[in-house]
Amino acid sequence: MSASLGDDSDEETSEEVPRAADTPAISAPTVLVADGPNRADRYASWIDSPFPVETANSPAGASELISPKIGVAVLGAGVSDDSKQQLLDSLGVRNPFARSILVQGDDEPPMLEGAGYDICLFTPLEEDDLREAVSRLARIATYERAVSAFFEYTTHAANMQVGKSETALSEDETYQDIQERIDQTKAALERIRTSMDETDRRILMESLEADPGAGFASEDAGAGGGRHPDKCSDCGLEWGTSHGGGLANGYEQLGAFVWKCTRCGSVQQAANASHRWLARR
């Protein structure tokens, strides 16, 4: 694992949580590029804006750089398939929201064994192809992280509402700070969502469908989209059926892939950070 990749001359807490606008969930993710020095530097120069980029010239060096801040990993043709799989496994553990691009030699087949990568490209790699792939996966990774942050904030807010009056909540600085972060994160989610195309939305839907335990119902027609679970995981109220008595259809949609039960107030999310196989050629 410590060997060089060789010559490539051919080319929070409840009381104090960072504001949503300043969290990694909203900011541009760091891109890790692992390959021989020539290709790694060239790829980094292609994708260095607006993304922070870190490069590694050995599998061991790449492994050391993998952390929760890495949102997209580009594993180049100089990395062996075995090392790629090990790095993908490590990436999935350290940041389950991260996405990955594999670059294979033009005479090599795609990596078909194992799971954990999103897009496979081939050398000679064009700048526009790499930038488009990185931008797409960074957008999706950021969206999923923002959904997770939104879920945490709304869950915390819902827990704080229990047994408190609106007046007490309006005077609670922590609660008001959380509400501000909810609004900021929701606005960020909307900005990202409006920038998404059909391929992005298909990828997100495949993220949900990849989870056999999700139990999602049919596509929502309401604002925000997404597929709601069949029922509340806490109180068991069926969702998607009119109940009357103030329960409406059983849930209130707080954001894309985030819902609140109208009976017990439980907040649930359906975003699944498992990796997908999105593109092979």
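To keep things clear, this report deals only with the structure shown in the data block. (Residues numbered from 1 in each chain as written. Predicted model: local features only at pLDDT ≥ 70, side-chain atom pairs only at ≥ 80, totals over all residues. Heavy atoms only, no water.)

**Quick notes on the packing of helix 4 (residues 127–161) against helix 6 (residues 173–195)**
- Axis separation between helix 4 and helix 6 bottoms out at 9 Å; the angle between their running directions is 155 degrees. Relative to helix 6, the element helix 4 lies roughly antiparallel. Of the two elements, helix 4 crosses helix 6, and the hand of that crossing is left-handed. Residues Arg139, Thr142, Tyr143, Ala146, Val147, Phe150, Tyr153, Thr154, His156, Ala157, Met160 and Gln161 of helix 4 touch helix 6, and the partners they reach there are Thr174, Tyr175, Ile178, Gln179, Arg181, Ile182, Thr185, Lys186, Leu189, Ile192, Arg193 and Ser195. (Axes fitted to C-alpha atoms, helices over the stretch in contact; angles between N-to-C directions. Helix = DSSP H or I, 4+ residues; strand = E, 2+ residues; numbered from the N terminus. Parallel < 35°, antiparallel > 145°, perpendicular 65-115°, else oblique. Left-handed = near helix turned anticlockwise from the far one by under 90°. Contact = heavy atoms within 4.5 Å.)

**Focus: unusual backbone geometry**
- In this chain, Thr123 is followed by Pro124 through a cis amide linkage whose omega measures -5 degrees.
- Within the chain, Ala248 stands out as a residue other than glycine whose phi angle is a positive 55 degrees.

**Side note on the nonpolar core**
- With 19 residues, the main nonpolar core has Val31, Val74, Ile101, Leu130 and Val134 as its most contacted residues.
- Counting only elements with at least two residues in this core, the list comes to strand 1 (30–34), helix 1 (37–46), strand 3 (70–75), strand 4 (99–104), strand 5 (119–122) and helix 4.
- In terms of residue count, the dominant contributor to this core is helix 4 (5 residues).
- When residues no more than four places from it in sequence are discounted, the contact partners of Val74 are Val31, Leu32, Val33, Ala34, Ile101, Val103, Leu130 and Val134. (Core = buried A, V, L, I, M, F, W, Y, C linked by side-chain atoms within 4.5 Å. Buried < 20%, exposed > 50% of the residue type's maximum accessible area, 1.4 Å probe, protein only.)

**Quick notes on the environment of Pro59**
- Counting through the fold element by element, Pro59 comes out in helix 2 (residues 59–65).
- Looking at Pro59, the relative accessible area reads 7%, which means it is buried.
- Considered as a pair, Pro59 and Gln86 are 27 residues apart in the sequence and their alpha carbons are 8.9 Å apart.

**Focus: a negative patch on the surface**
- Taken together, the side chains of Asp81, Asp82, Asp106, Asp107 and Glu108 define an acidic patch exposed on the protein surface.
- As for its placement among the helices and strands, Glu108 is situated in the loop between strand 4 and strand 5.
- We classify Glu108 as partly exposed; its relative accessible area is 34%. (Patch = residues over 30% accessible without salt bridge, like charges linked within 9 Å, V, L, I, M, F, W, Y side chains within 5 Å. Areas by Shrake-Rupley, 256 points an atom, 1.4 Å probe, with all protein chains shown as cover. Salt bridge = Lys/Arg side-chain N within 4 Å of Asp/Glu carboxyl O. Lys, Arg positive; Asp, Glu negative; His and termini not counted. Charge placed at Lys NZ, Arg CZ, Asp CG, Glu CD.)

**Remarks on helix 3 (residues 81–94)**
- With 14 residues, helix 3 should cover 20 Å at 1.5 Å per step; its first-to-last C-alpha distance of 20 Å lies within 8% of that length.
- Within helix 3, burial applies to Ser83, Lys84, Gln85, Leu87, Leu88, Ser90 and Leu91.
- Residues of helix 3 that are buried sit in contact with helix 2, strand 3 and strand 4. (Expected span 1.5 Å × (residues − 1).)

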